[in-house]
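Okay, here's what each chain looks like letter by letter:
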Amino acid sequence: MSNDFSDITGLPDEVGVGDDLARAQQRVSIRVESRRYDKPVTVVAGFEDDSTDLDALVSTLKRRLAVGGTVSDGRIELQGDHGRRLRDALDDEGFAVDG
C-alpha cells in the first residue's frame, strides 16, 4: 500500500494524514504476562515494522500511564497490568486494538 495519501485527500504531506491513516489500519493486541516473582507486564504487539516510531510511542505511553517500559523485538512492554487505561491511550494515539 502506498503512503502517498496526498493524492487521495488533496491535503499536503506536511499535515500528516498518511501517518494517521497508517496507524488506523494497524490492529495491535494487548496481553498481560507474568514475569519473575509474578510481576505483571503488559505487552502491546502487532505493530508494522516501519510505519510506527515505537520509541516515541513507548515514551508517550510511559508518561501517560506513569510506568516504566521498553521496546523489545518490535513490541512494547510496560511494567504492570494496565488494561483499559492502555487501550484508551492507544485509541487516543490512533491505533485500533483487538479484543
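Novice: Where do I start with the pattern of salt bridges in this structure?
Specialist: One pass over the structure, following the stated rule, counts eight salt bridges. Here D98 makes a salt bridge to R27, at a shortest N to O gap of 2.7 Å. Residue D98 is found in the segment after β5 (96–97), and its partner R27 is found in strand β1 (residues 27–34); the two are separated by 71 residues along the sequence. Here R31 and E33 are joined by a salt bridge, their closest N and O atoms 3.0 Å apart. Bridged by salt links that share partners, the residues R31, E33, R35, R75 and E77 form one connected network.

Novice: Any chance you could explain the side chain of T52 here in plain terms?
Specialist: With respect to the secondary-structure elements, T52 resides in the loop between β2 (40–45) and α3 (54–65). By relative accessible area, T52 is classed as buried at 8%. Sequence-distant contacts of T52, that is, excluding residues within four places in its chain, are made with Q26, F47, L57 and F95.

Novice: Please explain the environment of L78 as it appears in this structure.
Specialist: Mapped onto the fold, L78 is located in strand β4 (residues 75–79). On the accessibility criterion, L78 (0% relative accessible area) is buried. Each C-alpha atom of the pair L78 and V32 lies 9.4 Å from the other, and the pair is 46 residues apart in sequence. The residues contacting L78, other than those within four sequence positions of it, are V41, T42, V58, L61, K62, L65, V67, G68, G69 and L86.

Novice: Please clarify how the packing of aromatic side chains should be interpreted in this entry.
Specialist: Under the criterion given, the structure shown has one aromatic pair. Aromatic pair F47 and F95: ring centres 5.5 Å apart, planes at 90°, arrangement edge-to-face. With F47 in the loop between β2 and α3 and F95 in the loop between α4 (83–92) and β5, this residue pair connects regions lying 48 residues apart in the sequence. A relative accessible area of 10% means that F47 is categorised as buried.

Novice: Help me understand unusual backbone geometry in this model?
Specialist: Only a minority of non-glycine residues have a phi that is not negative, and only a minority of peptide bonds are not trans. Positive phi values are uncommon outside glycine, yet Y37 reaches one of about 60°. In this structure, Y37 sits in the loop between β1 and β2. A positive phi angle, near 55°, is found at A66, a position not held by glycine. On the basis of relative accessibility, which here comes to 69%, the residue A66 falls in the exposed class.

Calculation criteria
- Residues numbered from 1 in each chain as written.
- Predicted model: local features only at pLDDT ≥ 70, side-chain atom pairs only at ≥ 80, totals over all residues.
- Heavy atoms only, no water.
- Salt bridge = Lys/Arg side-chain N within 4 Å of Asp/Glu carboxyl O.
- Helix = DSSP H or I, 4+ residues; strand = E, 2+ residues; numbered from the N terminus.
- Buried < 20%, exposed > 50% of the residue type's maximum accessible area, 1.4 Å probe, protein only.
- Contact = heavy atoms within 4.5 Å.
- Phe/Tyr/Trp six-rings, centres within 6.5 Å; stacked < 30°, edge-to-face > 60°.

Function-wise, these values are silent; they only describe arrangement.
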